[in-house]
Amino acid sequence: MDGIEHRLRGLLRGEKRMIAQIISAVENDCAQGLLQNIFPYTGRAYHVGITGPPGAGKSTLVNAVAKQFLQQGKKIGIIAVDPSSPFSGGALLGDRVRMTDLAAHRDVFIRSMASRGSLGGLARTTKDAALVLDAAGMDYVLIETIGVGQVELDIAGVCDTTVVVLVPESGDSIQAMKAGLLEIADILVVNKSDRDGSERLVMELKFAMEMREREPDWEYPILMTTATEEKGIGQLVIALQAHIDHLSMTGKLEEQRKAKLLHHVHELVEQKIRSHLEENVMHEHDLRTLVDRIYRRRLDPYRVAERIARKIVKGSR
Amino acid sequence: MERKIRVLVGKPGLDGHDRGAKVVAAALRDAGMEVIYTGLHQTCESIVDAAIQEDVQVVGLSILSGAHMTILPRILKLLKTRKAGDMIVIGGGIIPADDAKKLEKMGVRRLFGPGTPTVEIVDWIRANAGKVGKSGKVGKSGKVPRHQTVKKKKATAVARWRKKK
Ligand SMILES: Nc1nc2c(ncn2[C@@H]2O[C@H](COP(=O)(O)OP(=O)(O)OP(=O)(O)O)[C@@H](O)[C@H]2O)c(=O)[nH]1
Ligand SMILES: [Mg+2]
């Protein structure tokens, strides 16, 4: 027996092999039926995003935070995304190296994901993988993005709380402001506070945060941590819990989650239309002849696009 | 989409040389595979846990400490008890021919000696991974059938909407 029922039952029981295989199916785009069945069981876990520049200590921080949650008797799902090579399509997923304390713990599930061509700091299927962990009974799902630069901000659309991790050497805060990274932060962490310059960075961040648009009733904590020594982690855990309370008390949690679900639906529709296009409408050969004619100025791209779009609309009637 | 080959590259035991493991990991990445690197000094338990959570097809272990006769059988046994006996276990390191024979009998699928060209390892994994899913078959497009659960008949929201029109 290998049907959806069977897999769903295994997942809901929290069987690790089943969770892992379902995530693979999700990653490989063959799990729509399964996801439809999983979805009713999701919505209980609290999703936390951890983002920041390469090497800022995101994985080390996730490891330390997860340990504290475990002490509270919580179940933790972790998804750690690393980039796929745009050339080979391969990936070296090394975030686990920083999480060896957790690897064999009963109440932890860690999954490394390759970004697979996605440019927003996550893989396209990370959100769905997080839902799988949600259904598996995790209390918290921690999502670590790839090391981000300036525009990889997808995480904000996936999580309830976004933690932005910066380090003294990752440049002055002006860069972070430019990046939009500050705009998605609910909590800021200056990690590697054992190094010079962290206090100055905190000051600069305070100043920068005062200038950004802020929500009332949330003070946007700026914390100092030394993840390798597990210093400051207690504060971070408290801040996370305070943010959950803030979201639920103000009704923001529901509002935010609805906005994200709407966005998810949009994305899925786009994907479906795109694959419909690729499979049924835009045949490679026809397109090449068209482009030929466009190149010779017999046709123009605007009219061609219009015609193709019309064909799709007609076809779907 | 074709199912990606996922390989765990692990370094169980006490020796602290992971150059070889890293070189292999990089070669597999460059060959388009997704490589989960677990770092040094891993226990067999944590390696098996990682392999299961990462749903890899191949577990590659680099062992230079001479402890291969304890570590590899233990990994095989743990995988079996965790219902993951279908994962392919391969090893690298200095392993005497006698031991190698014994290990292969136990179920280690392949052992690569020191200095094996990485391309040989890449080719072997390409030829062998993904072929033995639970059902023992690979689907048409290279997908492993056990992952193909989309019921075609279950109309998607879009199709239903289309029908109504
Ligand atoms: N000195 C110091 N080093 C740290 C601290 N936190 C992490 N590191 C080190 O920084 C390096 C990178 O840490 P990771 O946790 O892998 O960083 P990351 O942000 O997950 O890196 P990517 O996922 O590659 O972007 C490691 O060598 C850590 O040991 C800290 O608080 N102080
Ligand atoms: Mg990391």
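Rules and cut-offs
- Residues numbered from 1 in each chain as written.
- Chains lettered and ligands numbered in written order.
- Predicted model: local features only at pLDDT ≥ 70, side-chain atom pairs only at ≥ 80, totals over all residues.
- Heavy atoms only, no water.
- Helix = DSSP H or I, 4+ residues; strand = E, 2+ residues; numbered from the N terminus.
- Rg over C-alpha atoms; globule rule 2.2 N^0.38 Å.
- Buried < 20%, exposed > 50% of the residue type's maximum accessible area, 1.4 Å probe, protein only.
- Contact = heavy atoms within 4.5 Å.
- Areas by Shrake-Rupley, 256 points an atom, 1.4 Å probe, with all protein chains shown as cover.
- Lys, Arg positive; Asp, Glu negative; His and termini not counted.
- Charge placed at Lys NZ, Arg CZ, Asp CG, Glu CD.
- Pairing = 2+ DSSP bridges.
- Donors = N, O, S within 2.8 Å, 3.2 Å for Na, K, Ca; no water.
- Axes fitted to C-alpha atoms, helices over the stretch in contact; angles between N-to-C directions.
- Parallel < 35°, antiparallel > 145°, perpendicular 65-115°, else oblique.
- Salt bridge = Lys/Arg side-chain N within 4 Å of Asp/Glu carboxyl O.
- Polar contact = N/O pair within 3.5 Å; in protein donor to acceptor, adjacent residues only side chain to side chain.
- pLDDT = per-residue confidence, 0-100.
- Phe/Tyr/Trp six-rings, centres within 6.5 Å; stacked < 30°, edge-to-face > 60°.

Student: Which parts of the structure should I look at to understand the overall build of chain A?
Tutor: Within chain A one finds 12 helices and eight strands. In summary, chain A has a C-alpha radius of gyration of 22 Å against a globular reference of 20 Å for 317 residues, a match within 12%. Judged by the C-alpha coordinates and their principal axes, chain A covers about 65 × 55 × 40 Å. Here chain A holds 317 residues, and the buried ones make up 50% of them. Sequence separation of 24 or more characterises 77% of the internal contacts of chain A that already satisfy a separation of 6 or more. Only carbon and sulfur atoms are counted for the fraction: they give 53% of the accessible area of chain A, which is about 15,500 Å². For chain A, the distance from the average position of its 42 positive side-chain charges to the average position of its 43 negative side-chain charges is 7 Å.

Student: Is there a simple way to think about the pairing of strand E6 (residues 161-166) of chain A in this case?
Tutor: For a regular strand, the rule is simple: side chains alternate between the two faces of the sheet. Residues and elements named next belong to chain A. Across the six residues of E6, six count as buried, placing the element largely inside the fold. On E6, burial covers both faces: Thr161, Val163 and Val165 on one face and Thr162, Val164 and Leu166 on the other are all buried. Judged from the four bridges that link them, strand E1 (residues 46-51) and E6 form a sheet pairing that is parallel. By the bridge assignment for E6, Ile50 is matched with Val163. In this sheet, strand E7 (residues 187-190) lies alongside E6 in parallel orientation, the contact comprising four bridges. Bridge pairing links Val164 to Leu188 in E7.

Student: Looking at this structure, how should I read the coordination of the magnesium ion (ligand 2)?
Tutor: Expected angles at a metal are 109.5 degrees for tetrahedral coordination by four donors and either 90 or 180 degrees for octahedral coordination by six donors. Residues and elements named next belong to chain A. In the first shell of the magnesium ion (ligand 2), the protein supplies Ser59 (OG), Asp95 (OD) and Glu144 (OE), at 2.1 Å from the metal. Linear spacing of the donor residues for the magnesium ion (ligand 2) on their chain is S-x35-D-x48-E. With Ser59 in helix H4 (residues 58-71) and Asp95 in the loop between strand E3 (91-93) and strand E4 (108-114), this residue pair connects regions lying 36 residues apart in the sequence.

Student: How should I be thinking about the packing of helix H2 (residues 16-27) of chain A against helix H2 (residues 44-54) of chain B in this particular structure?
Tutor: Working note: a packed helix pair is described by the angle between its axes plus the distance between those axes. Contact geometry of H2(A) with H2(B) gives a least axis separation of 7 Å together with a crossing angle of 40°. Comparing the axis directions of H2(A) and H2(B) gives the class oblique. Between H2(A), through Lys16(A), Arg17(A) and Ala20(A), and H2(B), the contact on the second element is made entirely by Asp49(B), Ile52(B) and Gln53(B).

Student: Explain the side chain of Asp99(B) here, please?
Tutor: All names here are of chain B. Structurally, Asp99 can be placed in helix H4 (residues 97-106). Buried charge without a partner: Asp99 forms no salt bridge, and the closest opposite charge is Lys102, 4.3 Å away. A polar contact is formed between the side chain of Asp99 and the side chain of His68, at a distance of 2.8 Å. Excluding residues that lie within four positions of it along the chain, Asp99 makes contacts with His68 and Met69.

Student: Help me understand the confidence of the model for chain B in this model?
Tutor: The predicted structure's coordinates, where accompanied by low pLDDT, should not be read in detail. Residue and element names in this part refer to chain B. Looking at chain B as a whole, its pLDDT mean stands at 80, while 77% of the residues score no less than 70. Taken together, the stretch residues 132-165 has pLDDT below 50 and engages in 56 contacts with residues farther than four places along the chain or on a different chain. Overall fold confidence (pTM) sits at 0.88, and the ipTM for the predicted complex is 0.89.

Student: Would you explain the packing of aromatic side chains in this entry?
Tutor: Each aromatic ring pair is specified by the distance between its two centres and by the angle formed by the two planes. For the structure on display, the rule yields three aromatic pairs over all chains. Seen in terms of ring centroids, Tyr46(A) and Tyr140(A) are 6.1 Å apart; in terms of plane orientation they differ by 90°. Their pairing is edge-to-face. Placement of the pair is Tyr46(A) in strand E1 and Tyr140(A) in strand E5 (residues 140-144), with a sequence separation of 94 residues. This pair shows no difference in class: Tyr46(A) is buried, exactly as Tyr140(A) is. Between Phe112(B) and Trp124(B), the ring centres sit 6.3 Å apart and the planes meet at 80°, which makes this aromatic pair edge-to-face. Here Phe112(B) is found in strand E5 (residues 110-112), whereas its partner Trp124(B) is found in helix H5 (residues 118-128), with 12 residues between them in sequence.

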